[in-house]
Amino acid sequence: MPSSAAQQQPSSSAPSSPAVGVVVRPQQPPEALREHATTAEQAGAHELWLWEDCFWAGGLTSSALALAWTSSIRVGLGLMPVPLRNPALTSMEVAALARAFPGRFLPGVGHGVLDWMGQVGAREASPMTLLREHLDVLAPLLRGERVSADGRYVHLDGVQLDHPPQVVPPLLVGARGPKTLALAGERSDGVILDAGPSPEEVAASVGHTGRAGDDAFHVVVFVPSAVGDGARERIDAEADGWGNHRPAAPLVGSADEVAALVRAYGEAGATSVVLQPVGDGTDALDVVRLAGAAAALV
């Protein structure tokens, strides 16, 4: 079932008018985060998102820094791979940030890249069961409940947070396939969609969650973006390099053009559209500013 966190902190945007965010790619060194975070806030972006890809930088550490260096922008972490963490520790870390920065932290969890999980000895036989068991205990822990569990992977004995969040953040799930999308709809407050889906693909993914039309359900969509000559070509080249499909609707062009695409994603069910710079970082700050300009028009 949903964690009910969304009932305590509803989405601030109607589906046709989503929030506009930007992600700081983990290829950026940690010392660059401050400039990107403050620039995003000053430019007017609604959200700043971070990844926790192996083996760049810790997502919770980076989130804490970004929250401390800014004053109003929401900071999302999409996502924390559950194989790397005990859910009690995850809930403790999330609760600390949610209490220190109420209403500003958007935590996400997911399977993680399975090959990377294998590299660190954390790949499990049933990633779906592992994710489900984490979701089943994270939500009640964040609500301040005492939790016991004896599952295949998760074992807790009367665990309760001493400092649960006063404003419970929405718990989001990174998902691609229909089974994980359905799990997100059943047991979380929202879904994170990556790899640049088209608006039509977003609508199909939302359908798999079973939460279409639910204003309390967050749908965060990462869409590749670039600025300047050859923007589309750079996006396509990176997609080819990662073995992803080339995005059908990259966020390129003027702020007006990007805002129009953002609205199309909103009509498809997105509540947050996140501009994703190319990993080489050559125009990362320009994409940050583009996100702010588009946010003012949506």
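A quick note: this is a predicted structure, and the numbers were derived from the prediction, not measured.

A.B. asks: Explanation requested: the layout of surface pockets in the structure shown.
C.D. replies: Over the atoms a probe the size of a water molecule is rolled, and this reveals where empty space is left. Approximately 940 Å³ is the volume attributed to the largest pocket. Together, 37 residues line the largest pocket, and D53, V113, R176, D194 and A195 are the ones closest to its centre. At the level of secondary structure, the elements contributing two or more residues to the lining of the largest pocket comprise strand 3 (74-81), helix 5 (114-119), strand 9 (218-224) and helix 9 (231-242). The greatest single-element share of the lining of the largest pocket, amounting to four residues, is contributed by helix 9. Here the residues of the lining of the largest pocket are counted per class, giving 19 nonpolar, twelve polar and six charged.

A.B. asks: I tried to follow empty space enclosed by the protein on my own but got confused; where do I start?
C.D. replies: Per the counting criterion, the structure on display carries three cavities of 30 Å³ or more. One number sums up the size of the largest cavity: a volume of about 60 Å³. Taken together, V23, V24, R25, Q28, H36, P277, V278, G279, G281, A284 and V288 make up the lining of the largest cavity. The set of elements that each furnish at least two residues to the lining of the largest cavity consists of strand 1 (19-24) and helix 11 (284-297).

A.B. asks: I would appreciate a short explanation of the packing of aromatic side chains in the present structure.
C.D. replies: For any pair of aromatic rings, the description rests on two quantities: the centre-to-centre distance and the angle between the ring planes. For the structure shown, the criterion picks out two aromatic pairs. Judged by centre distance (5.8 Å) and plane angle (80 degrees), the rings of W49 and F222 are edge-to-face. With W49 in strand 2 (residues 47-50) and F222 in strand 9, this pair connects stretches of sequence that are 173 residues apart. When the ring of W51 is compared with that of F222, the centres are 6.1 Å apart and the planes differ by 65 degrees; the resulting orientation is edge-to-face. In this pair, W51 sits in the loop between strand 2 and helix 3 (59-69) while F222 sits in strand 9, placing the two residues 171 residues apart along the sequence. Summarising the burial analysis for this pair, W51 and F222 share the class buried. Pairwise contacts between aromatic rings join W49, W51 and F222 into one cluster.

A.B. asks: Looking at this structure, how should I read the packing of helix 4 (residues 87-100) against helix 6 (residues 127-142)?
C.D. replies: When two helices pack together, their arrangement is given by the angle between their axes and by how far apart the axes lie. Following both chains from N to C, one finds helix 4 and helix 6 inclined at 40 degrees, their axes separated by 9 Å at the closest point. Between helix 4 and helix 6, the angle is such that the two are oblique. The interaxial crossing formed by helix 4 with helix 6 has right-handed handedness. Side by side, helix 4 and helix 6 meet where P87, A88, T90, S91, V94 and A95 of the first sit next to H134, V137, L138, L141 and L142 of the second. Of the residues belonging to the contact of helix 4 with helix 6, the class tally is eight nonpolar, three polar and no charged.

A.B. asks: Even after reading the chapter, I still don't get the pattern of salt bridges, so can you show me in this structure?
C.D. replies: The full count for this structure, using the stated rule, is 15 salt bridges. One salt bridge in this structure joins D240 and R246, with 2.6 Å as the shortest N-O distance. Judged by its relative accessible area of 48%, R246 is partly exposed. Where salt bridges share partners, they join R232, D236, D240 and R246 into one cluster.

Criteria and thresholds
- Residues numbered from 1 in each chain as written.
- Predicted model: local features only at pLDDT ≥ 70, side-chain atom pairs only at ≥ 80, totals over all residues.
- Heavy atoms only, no water.
- 1 Å grid on protein atoms, 1.4 Å probe; cavity = no way out; pocket = protein on both sides within 12 Å on 5 of 7 lines; lining within 4 Å.
- Points joined across faces, edges and corners; volume = space filled by probe spheres on them.
- Helix = DSSP H or I, 4+ residues; strand = E, 2+ residues; numbered from the N terminus.
- Nonpolar A, V, L, I, M, F, W, Y, C, P; charged D, E, K, R; others polar.
- Phe/Tyr/Trp six-rings, centres within 6.5 Å; stacked < 30°, edge-to-face > 60°.
- Buried < 20%, exposed > 50% of the residue type's maximum accessible area, 1.4 Å probe, protein only.
- Axes fitted to C-alpha atoms, helices over the stretch in contact; angles between N-to-C directions.
- Parallel < 35°, antiparallel > 145°, perpendicular 65-115°, else oblique.
- Left-handed = near helix turned anticlockwise from the far one by under 90°.
- Contact = heavy atoms within 4.5 Å.
- Salt bridge = Lys/Arg side-chain N within 4 Å of Asp/Glu carboxyl O.

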